[in-house]
Every structure is written in structure tokens, then in C-alpha cells.
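# Close look at the chain arrangement
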Amino acid sequence: MSGTVRWGVLATGGIAARFTEDLLAMPDSGAEVVAVASRTEASARAFADRFGIERAYGSWAELVADDSVDVVYVATPHSAHREAAGLALEAGKHVLCEKAFTLNAREARELAGLARERGLFLMEAMWTYCNPLIRRITELVRDGAIGEIRTVQADFGFAGTFGAEHRLRDPALGGGALLDLGVYPVSFAQLLLGEPDRVQADALLSPEGVDLNTGMLLGWDSGATALLSCSIVANLPTSAIVTGTEGRIDLPRDFFHPDHFFLHRSGREPEKVVTGPGPQGLSGMQYEAAEVTRALLAGETESPLVPLDGSLAVMRTLDAVRDRIGVRYPADDRA
């Protein structure tokens, strides 16, 4: 690949706008956005005009057929990830796909298999894993700064008023708290501890059968546990605590894209660790965009920061949670 990575953005919602803003604001990024697609040309054109993108398409197929596009950012709701990412991979495009990666582990395996078979880059857009402070936390844990991990606590939730017609109440669209919000606490715990050996969960379900409020207890043979929760009916702190045998790490807010954390080591004063200086006004998605750009220019087909096997493991855990709480999506019954 040449010295510039050319992006196509598939979908035009809020998350696509934030990603595009961050990507375009990155200095010397080695990346440019050359095309955008939506299900309607009017929506694609409005997005293109907003961000100065040259080409706007009224179908996904036109975007993935564009020879000038190197990598497609899939920003649809997760119910469409399998279709959209699969379409791009079939067309020979590299893919960054929003999280939750897919609706279930089967769909995730299909995408990973397709990418590997064709030698294409595929990464879940778990921006948390690319955040510099989260990367620093993984280094501290790896180096034994807090000893052996014994517990992880993390939550993500907000109180919203969602009618029965809203996508968050629709099983066909992967509605509920788990895939929208719970994916963050689960991914955080598995970043530090790997795939759990045991999964327990309980939930409050909507009349449509999606989870409104879910608690999870994950266990590892090492003796470590993770107590995690997600909700679309309660304002949770959105914080995390990692406790080890010799200290702990506190992320007091927005643990999934922090700007600081506190390191408590036995026998020492607490340390506040903050994000270094960088471009102002960005949401944090620039880190995942930079990682994809770096990997593609290096000729890599997977990111070491967000490996496919890790995304598959998270999807298996989310499937196990849904099994425990009795949530099924129509996609689960499709072969």
C-alpha cells in the first residue's frame, strides 16, 4: 500500500461523524476519507458536504466497488455489521467494524474467517483498547505493578426513555443494554484477564425480550472475578476498578476512554496518571484510526492491540450472558 490510506465511511450516523471528525483532525495521519455511503444518496451527500468528502453513494455496494477505497469503516448499528462488513470483505476491502462486533459469535467467526481467507485486514472498533491510558494500564498490570489481579469492577449505563418502537427495544436489531453498553465492561475485563472460565448473569428484561439492566459475574480458574453491569434504565457511574494483591487502579469516570486514572501501590502514595498533550476537541477515536492506518501501511492483516481472537472471545462471553438471561435474537436462529 502507498503512503496514504484511503477510507470509505459506510453509514452516516452520529458515531460515523465523530470518527470522521477525529480522523480528519489527526496531524500527519497518513489517511484521508475519499467516499461515504448511506442507504440514501441524500444522506450520503449531506455527510460528504459536511466533511468535504469527494464521493457520496446511495448504496453500500457502490462504496465497496470504489477502487479508490482501501479500507471501509462500518458504522451501522451492530445488527447490520455482518452484512456490511461481509460485503466489504467480499469486495476485497479492509475493514474497521464498530462494536459490538456482530450480533453473536457465529457471525463474528464468519467475518474473521472471511478476512483471514482473503488476507484482508479486519478489526473491531474497540477504541478503548487503543486509548493511550488503557494501554498504560495493561503495561502496569503486565509488569506486576498491582500484583496478581483479583477483581475487576466496571459498569456502563444511562437512564433513557425508549418506546417499544426504538431500536434498543427491538430484538431483531440486537436491542438491549448488553451489546450497546455491556460490551465495554466485558471487553475491559477480558483485556486484562482473557476469556472467563465461568459466566453468571441476571437481568431485567423488556416486554419485547431484550435486557434493560444486566449484572454479570465472570470467573477465572486463577481465582480472579469480574463484577460487571450495564443498563439503559439507570445512570451508572461508568467507572472501573482493578484490584490486585499489591494495589489497585481506579478509573473514576468514562473508563472506556479515560483522560486519567489513579494508581494505588502498596506502601506508596497514590499516583494520578493523565493523558499527554495532543489535538484538542477530539473524542478519542483518532487512536483506533491511527492503529488501523499504521497496520495497513505495515502490511498487517490484524492489529496486535485489537486482535480478532480477542473480539471472538468477547462475543462468546456476550452469547453466554444472553443464554443465562434468556435473550435471543432472530439472527441466532439463522444458519
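Here the structure is shown first, and the text comes after it.
Per the secondary structure count, the protein includes ten helices and 14 strands. Counting only C-alpha atoms and orienting by the principal axes, one finds that the protein spans roughly 55 × 45 × 40 Å. A buried classification covers 53% of the 335 residues belonging to the protein. Within the protein, contacts between residues separated by at least 24 positions form 67% of all contacts whose residues are at least 6 apart in sequence.

On to the side chain of Glu-124. With respect to the helices and strands, the residue Glu-124 is situated in strand β6 (residues 122-124). Notably, Glu-124 is buried but unbridged: the nearest opposite-charge side chain belongs to Lys-99, and the N-O separation is 7.5 Å. A distance of 3.4 Å separates a polar side-chain atom of Glu-124 from the backbone nitrogen of Phe-101. In this structure the side chain of Glu-124 is engaged in a polar contact, spanning 2.7 Å, whose partner is the side chain of Ser-311. Ignoring sequence-local partners within four residues, the contact set of Glu-124 consists of Leu-96, Cys-97, Lys-99, Ala-100, Phe-101, Val-183, Val-306 and Ser-311.

This part covers the pattern of salt bridges. For the structure on display, the rule yields 27 salt bridges. The network of salt bridges with shared partners includes Glu-54, Arg-55 and Asp-66.

Moving on to the pairing of strand β11 (residues 240-244). Here β11 shows a buried face lined by Ala-240, Val-242 and Gly-244 and an unburied face lined by Ile-241 and Thr-243. Here β11 pairs with strand β12 (residues 247-251) via five bridges, running antiparallel. If you follow Ile-241 over to β12, its bridge partner there is Asp-250. The turn linking β11 back onto β12 is made up of two residues.

On to the side chain of Asp-22. Within the secondary structure, Asp-22 is located in helix α1 (residues 14-25). Residues contacting Asp-22, with those up to four places away along its chain left out, are Leu-282, Ser-283, Gly-284, Met-285 and Gln-286.

Attention shifts here to the sheet that holds strand β5 (residues 94-97). On the basis of which strands lie adjacent, the open sheet formed by six strands has the order β3-β2-β1-β4-β5-β6 and parallel pairing. Pairing within the sheet leaves two strands with one partner each, and these edge strands are β3 (55-57) and β6. Adjacent strand axes in the sheet meet at a mean angle of 25° when their direction is disregarded. When strand β1 (residues 5-10) meets strand β2 (residues 31-37), the two strands line up parallel, connected through six bridges. The partner of Gly-8 across the bridge, within β2, is Ala-35. Running at roughly 155° to β3, helix α2 (residues 41-51) makes contact with β1, β2 and β3 of the sheet. Packed onto the sheet, helix α4 (residues 81-90) meets β1, β4 (71-74), β5 and β6 and runs at close to 160° relative to β5.

Criteria and cut-off values
Residues numbered from 1 in each chain as written. Predicted model: local features only at pLDDT ≥ 70, side-chain atom pairs only at ≥ 80, totals over all residues. Heavy atoms only, no water. Helix = DSSP H or I, 4+ residues; strand = E, 2+ residues; numbered from the N terminus. Buried < 20%, exposed > 50% of the residue type's maximum accessible area, 1.4 Å probe, protein only. Contact = heavy atoms within 4.5 Å. Lys, Arg positive; Asp, Glu negative; His and termini not counted. Salt bridge = Lys/Arg side-chain N within 4 Å of Asp/Glu carboxyl O. Polar contact = N/O pair within 3.5 Å; in protein donor to acceptor, adjacent residues only side chain to side chain. Pairing = 2+ DSSP bridges. Axes fitted to C-alpha atoms, helices over the stretch in contact; angles between N-to-C directions.

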